[in-house]
Amino acid sequence: MDDAAPKFSKDLQVLTKVRLNIFVLITTLFGFFLAAKGLGGMTDQWLLLLHTLIGTAAAAFGSAAFNQLMEIEDDARMQRTADRPLPSKRMGVMKAFAIGWGLAAFGCIHLAAKVNASAAILAAATIAIYVFVYTPMKKWHSTNTLVGAIPGAIPPMIGWVGAGGSWMDAGAWFLFALLFFWQLPHFVAISWLCREEYEEAGYQMWSNGDVSGLKTARLFNVFSIMMIALGVLGAFYGLYPHWVGIVHGVIVLVMMKPALTYGPEADRKTMRKAFFGTLLYLPIVLVGLAFTWS
């Protein structure tokens, strides 16, 4: 009986993907900070930031619960997800649905009431695309990775409009594009490293059938080149000095090195290096932009 509360707390964290959604909050915070910086700074904005993060967090946690509700059978087939609370039957479907619905609704309503309508609409769009388009599309077509990158790229826009910016601002769309293109090499590397499990679960991924990993390495490089082009475009629009665009390109090339040197045979060690390179890229670039954003 004494262990029930800690076990439920742990299952709740898994259901809502707390660790993954910390990333969502960081990018939301980043978008808020850059927009506030352009509008005169963070003075008297701290309470608004808190409400933006609370609403975004609740919406993200709710969408994660809905995602797992839709993938119970698939999660049960994969070793890395079989012990989640729903496939392991430690949590009932109705309880998970109530948690997901309550969090998602609270998040959108909180943003509408305490922040603004634009933030609430973007959060609702994130939930809708993630749950009703991306999740089922994983079984239909390999381009699901492109669709899945959309909800992952919206959080900095929520932060941007939360601080008083417009979703039509060039800065908001640059942040969206930055997160969108970053996710593509990041997830193609993950999908290849977990290829066998994804194939067994019936997911349609670009890595399916790519035993050698060469196709995945090429995709990694193509998407990375798009990231370099985006860095140049941001400098062209005056979002930061031109030298920042050059430095950004060098950082991406360093990230690409393992994929650029990828051999003709399956090499998990090299692909894992490429994956970790994407993890290092994002905090370096976000911190750099925080100091150089015009």
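Residues numbered from 1 in each chain as written. Predicted model: local features only at pLDDT ≥ 70, side-chain atom pairs only at ≥ 80, totals over all residues. Heavy atoms only, no water.

**Some remarks on the overall build of the protein chain**
So, step 1. Scanning the protein chain from N- to C-terminus turns up 13 helices and 0 strands.
So, step 2. Reading the protein chain from its N terminus to its C terminus gives the helix and strand order α-α-α-α-α-α-α-α-α-α-α-α-α.
So, step 3. Relative to the 2.2 N^0.38 estimate, which gives 19 Å for 294 residues, the radius of gyration of the protein chain is 20 Å and therefore close to what a compact globule would have.
So, step 4. For the protein chain, the spread of C-alpha atoms along the three principal axes comes to 55 × 55 × 35 Å.
So, step 5. Within the span of the protein chain, comprising 294 residues, buried residues form 53% of the whole.
So, step 6. Put simply, the protein chain has 22 plus and 17 minus side-chain charges, and the middle of one group is 3 Å from the middle of the other. (Helix = DSSP H or I, 4+ residues; strand = E, 2+ residues; numbered from the N terminus. Rg over C-alpha atoms; globule rule 2.2 N^0.38 Å. Buried < 20%, exposed > 50% of the residue type's maximum accessible area, 1.4 Å probe, protein only. Lys, Arg positive; Asp, Glu negative; His and termini not counted. Charge placed at Lys NZ, Arg CZ, Asp CG, Glu CD.)

**With respect to the packing of helix α12 (residues 242–260) against helix α13 (residues 268–292)**
So, step 1. It is the contact of α12 with α13, at a shortest axis distance of 7 Å, that shows an interaxial angle of 165°. Judged on the interaxial angle alone, α13 and α12 are roughly antiparallel. Every pair of crossing elements has a handedness; the one defined by α12 and α13 is right-handed. Listed contacts from α13 to W243, V244, H248, I251, V252, M255 and P258 of α12 are T270, K273, A274, G277, T278, Y281, I284, V285, L289 and T292. (Axes fitted to C-alpha atoms, helices over the stretch in contact; angles between N-to-C directions. Parallel < 35°, antiparallel > 145°, perpendicular 65-115°, else oblique. Left-handed = near helix turned anticlockwise from the far one by under 90°. Contact = heavy atoms within 4.5 Å.)

**Let's talk about helix α3 (residues 46–70)**
So, step 1. Here α3 spans 36 Å end to end across 25 residues, near enough to the 36 Å set by a 1.5 Å rise per residue.
So, step 2. Most of α3 sits inside the fold, with 18 of its 25 residues counted as buried. (Expected span 1.5 Å × (residues − 1).)

**Considering the environment of F180**
So, step 1. Note on placement: F180 falls in helix α9 (residues 170–193).
So, step 2. By relative accessible area, which is 15% here, F180 ends up buried.
So, step 3. Linking F180 and P151, residues 29 residues apart in sequence, is a C-alpha distance of 8.7 Å.

**Some thoughts on the confidence of the model for the protein chain**
So, step 1. Averaged over every residue, the pLDDT of the protein chain is 94; the share at 70 or more is 98%.
So, step 2. Put simply, helix α1 (residues 4–15) is where the protein chain has its lowest mean pLDDT, 84, and helix α8 (residues 155–162) is where it has its highest, 98. (pLDDT = per-residue confidence, 0-100.)

**A short note on α8**
Owing to its 3.6 residues per turn, the α-helix brings residues three or four apart onto one side.
So, step 1. Of all 8 residues in α8, 8 are buried, a share of seventy percent or more.
So, step 2. Within α8, the full set of buried residues consists of P155, P156, M157, I158, G159, W160, V161 and G162.
So, step 3. Buried residues along α8 sit in contact with α2 (18–38), α3, α6 (117–137), α7 (144–153) and α9.

**Considerations on the pattern of salt bridges**
So, step 1. All chains considered together, the criterion is met by 8 salt bridges.
So, step 2. Between D74 and K139 there is a salt bridge; the shortest N-O distance is 2.8 Å. Placement of the pair is D74 in helix α4 (residues 72–77) and K139 in the loop between α6 and α7, with a sequence separation of 65 residues.
So, step 3. Two residues, D83 and R90, come together in a salt bridge whose shortest N-O distance is 3.0 Å.
So, step 4. For D83, a relative accessible area of 57% corresponds to the exposed category.
So, step 5. Through salt bridges with shared partners, a single network forms among D11, D83 and R90. (Salt bridge = Lys/Arg side-chain N within 4 Å of Asp/Glu carboxyl O.)

**Some points on the side chain of T56**
So, step 1. Relative to the helices and strands, T56 is located in helix α3.
So, step 2. Residue class for T56 comes out buried when judged on its relative accessible area of 4%.

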